[in-house]
Amino acid sequence: MSSWIDLSARIGLPVKVNADTLELELGAGVVETECSVRDVQEVRPVMLDPFADVRPPELYHMHRGVRLSADTEKFASRNLRYDITIIRPGTVGPEFIKTHGHYHPPVPGTKTFYPEVYEVVYGTAWYLLQKVSDLNAPGDRVEDVILVEAKPGDKVVMLPGYGHITINPDPASILVMTDFVGSSFSTIFPPVKATVGGAYYILAPNGEAIANPHYHELPPLRRAVPNEMPKLGLRKDVPLYTSGSQDPDRLLWLLDPTRFDGDWLTALAMR
Ligand SMILES: [Fe+2]
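Here the structure is a predicted model, which means the values were calculated and not measured.

Helices and strands together make up the secondary structure of the protein chain, namely five helices and 20 strands. Its C-alpha radius of gyration of 18 Å places the protein chain within 12% of the 18 Å reference for a compact globule of 271 residues. Counting every position in the protein chain, which comprises 271 residues, the buried fraction comes to 53%. Considering only residue pairs separated by 6 or more positions, the protein chain has 71% of its internal contacts joining residues 24 or more positions apart. As displayed, the protein chain offers around 11,700 Å² of accessible surface, 51% of which is attributable to carbon and sulfur atoms. Within the protein chain, the 34 negative side-chain charges are centred at a point lying 3 Å from the centre of the 26 positive side-chain charges.

Laid out in C-alpha cells, this is it:
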C-alpha cells in the first residue's frame with residue numbers, strides 16, 4: 001500500500017506527503033527555500049522527561065518558503081513566507097509529540113508583536129498558546145494559556161504576544177499543517193528553553209494537562225476552537241495558500257497587526 005497522500009486540493013498547491021517517511025513531494029512549478037528535519041535531540045530541553053527513549057528520533061519536517069515559482073516575487077516583495085510542516089504521531093516520554101515552540105519579537109516601533117496564521121491540512125492539531133508578562137523572565141508570570149484544537153480546513157491565528165507550541169494528539173495520524181508568517185524577523189527560542197517547555201505539558205493518551213513547575217504563577221488552561229476570520233482574509237473552505245496567492249495584501253496584518261482593529265481573542269471560541 002502506498003503511503004503517499006495527495007494533498008493538492010487541501011493545500012492549493014500540487015504536493016504529496018509520505019505518511020511513513022514524512023517526505024514532501026513538490027509537484028510541477030512548486031519550489032521551496034529550505035527544508036530541515038527536527039530531531040528529538042533538539043526538543044529534549046523542553047520535554048517533561050528529557051531522557052525518554054524516543055524512536056524514531058525524527059519528529060517533524062519543516063519546509064520553508066514553499067510557493068509556486070510564479071508567486072516568488074509576490075510573496076518576497078511583501079515579506080510573506082509560506083511554510084509546510086509534517087509532524088509524526090507518537091509520544092516523547094509521557095507527552096504527545098510536539099514542536100519545540102517559540103515566541104515572536106515585537107513589531108519595531110509598536111507595543112504589539114508579530115502574529116502568524118496556521119492551517120491544519122491533515123490530521124488534528126492542538127496549539128498551546130501562552131502569553132507571559134516578561135520574555136526576559138518567562139517563568140515569573142503567565143497571563144493566559146490556551147489549548148486550541150484544530151481540524152483540517154481550520155485556520156488558527158497565533159495571537160500577537162503569544163508563544164506557541166504545536167502538538168500532534170492523534171496516535172494514528174501524521175499532522176500536516178501550513179502557515180503564513182512575516183519573513184522579516186526571527187523567532188525566539190530561549191524563553192521556552194529557560195522554562196523547560198510550555199506552561200502545561202500535554203500527556204498521552206487523553207490530553208491530560210500537567211502544570212510545568214518552572215512557572216511560578218499559572219492561570220488555568222483554557223480550551224478553545226478557532227473561529228473563522230474572514231476579516232483577516234481567512235476562510236475555512238479556501239486553502240491558506242490560495243487566499244494568500246489571490247490577495248496577498250489581505251495578509252499584511254501579519255507584518256502590521258495594527259491593520260486589524262478588532263479583539264484578537266475573537267479568533268478563538270472558548271469551550
Ligand atoms: Fe511562530
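Hydrogen bonding along the main chain pairs the strands of a sheet, whether they run parallel or antiparallel. Within the open sheet, the three strands sit side by side as β1-β2-β3. Their pairing is antiparallel. In this open sheet, the two strands that pair with only one neighbour each are β1 (4–6) and β3 (24–26). Here the average twist between neighbouring strands, direction ignored, is 25 degrees. Examined bridge by bridge, strand β2 (residues 15–18) and β3 share three bridges and lie antiparallel to one another. Bridging from a neighbouring strand, V15 pairs with L26 of β3.

Taken together, H102 (NE2), H104 (NE2), E116 (OE) and H164 (NE2) make up the protein donors of the iron ion, found 2.0 to 2.2 Å from the metal. Coordination geometry of the iron ion: the four donor atoms subtend angles of 91 to 162 degrees at the metal centre, consistent with an arrangement described as irregular. Sequence spacing of the donor residues for the iron ion, all on one chain, is H-x1-H-x11-E-x47-H. Here E116 lies in strand β11 (residues 116–122) and H104 lies in the loop between β10 (95–96) and β11, a separation of twelve residues in the sequence. Residue classification places E116 among the buried positions, given a relative accessible area of 4%.

Now for the nonpolar core. Grouped together as the largest cluster of nonpolar side chains are 78 residues, with contacts concentrated most on Y127, F180, L234 and W253. In this structure L234 touches V117, K155, V157, E228, M229, L240, L251 and W253, once residues within four positions along its chain are discounted.

Turning to the pairing of β2, a few remarks are in order. Strand direction decides the pairing type here: β1 and β2, joined by three bridges, are antiparallel. Considered in β2, the bridge of I5 is made with V17. Linking two consecutive strands that pair antiparallel, namely β2 and β3, is a turn of five residues; a positive phi of about 70 degrees is found at L22 within it.

Turning our attention to the packing of aromatic side chains. Counted by the stated rule, this structure contains ten aromatic pairs. Ring plane angle 80 degrees and centroid distance 5.7 Å describe the contact between F75 and Y241, whose orientation is recorded as edge-to-face. With F75 in helix α3 (residues 72–76) and Y241 in helix α5 (residues 240–246), this residue pair connects regions lying 166 residues apart in the sequence. Of the residues examined, F75 reaches a relative accessible area of 4% and is grouped as buried. Look at Y241 and you get buried, because its relative accessible area is 1%. Judged by centre distance (4.3 Å) and plane angle (10 degrees), the rings of Y114 and F185 are stacked.

Here we come to the pattern of salt bridges. Taken as a whole and judged by the stated rule, the model has twelve salt bridges. A salt bridge links R55 to D53; the nearest nitrogen and oxygen atoms lie 3.0 Å apart. The two residues R55 and D53 agree in class, both being exposed. Here K155 makes a salt bridge to E119, at a shortest N to O gap of 3.6 Å. Here E119 lies in strand β11 and K155 lies in strand β14 (residues 155–158), a separation of 36 residues in the sequence. A relative accessible area of 8% places K155 in the buried class. Here the residues in one salt-bridge network are K131, R141 and E143, joined through shared partners.

Take the environment of S69 next. Positionally, S69 belongs in the loop between β7 (67–68) and α3. Each C-alpha atom of the pair S69 and V92 lies 37 Å from the other, and the pair is 23 residues apart in sequence. Here S69 is in contact with G29 and V31, once residues within four sequence places are set aside.

Scoring rules and cut-offs
- Residues numbered from 1 in each chain as written.
- Predicted model: local features only at pLDDT ≥ 70, side-chain atom pairs only at ≥ 80, totals over all residues.
- Heavy atoms only, no water.
- Helix = DSSP H or I, 4+ residues; strand = E, 2+ residues; numbered from the N terminus.
- Rg over C-alpha atoms; globule rule 2.2 N^0.38 Å.
- Buried < 20%, exposed > 50% of the residue type's maximum accessible area, 1.4 Å probe, protein only.
- Contact = heavy atoms within 4.5 Å.
- Areas by Shrake-Rupley, 256 points an atom, 1.4 Å probe, with all protein chains shown as cover.
- Lys, Arg positive; Asp, Glu negative; His and termini not counted.
- Charge placed at Lys NZ, Arg CZ, Asp CG, Glu CD.
- Pairing = 2+ DSSP bridges.
- Axes fitted to C-alpha atoms, helices over the stretch in contact; angles between N-to-C directions.
- Donors = N, O, S within 2.8 Å, 3.2 Å for Na, K, Ca; no water.
- Tetrahedral: all angles 85-135°; square planar, octahedral: opposite > 155°, others 65-115°.
- Core = buried A, V, L, I, M, F, W, Y, C linked by side-chain atoms within 4.5 Å.
- Phe/Tyr/Trp six-rings, centres within 6.5 Å; stacked < 30°, edge-to-face > 60°.
- Salt bridge = Lys/Arg side-chain N within 4 Å of Asp/Glu carboxyl O.

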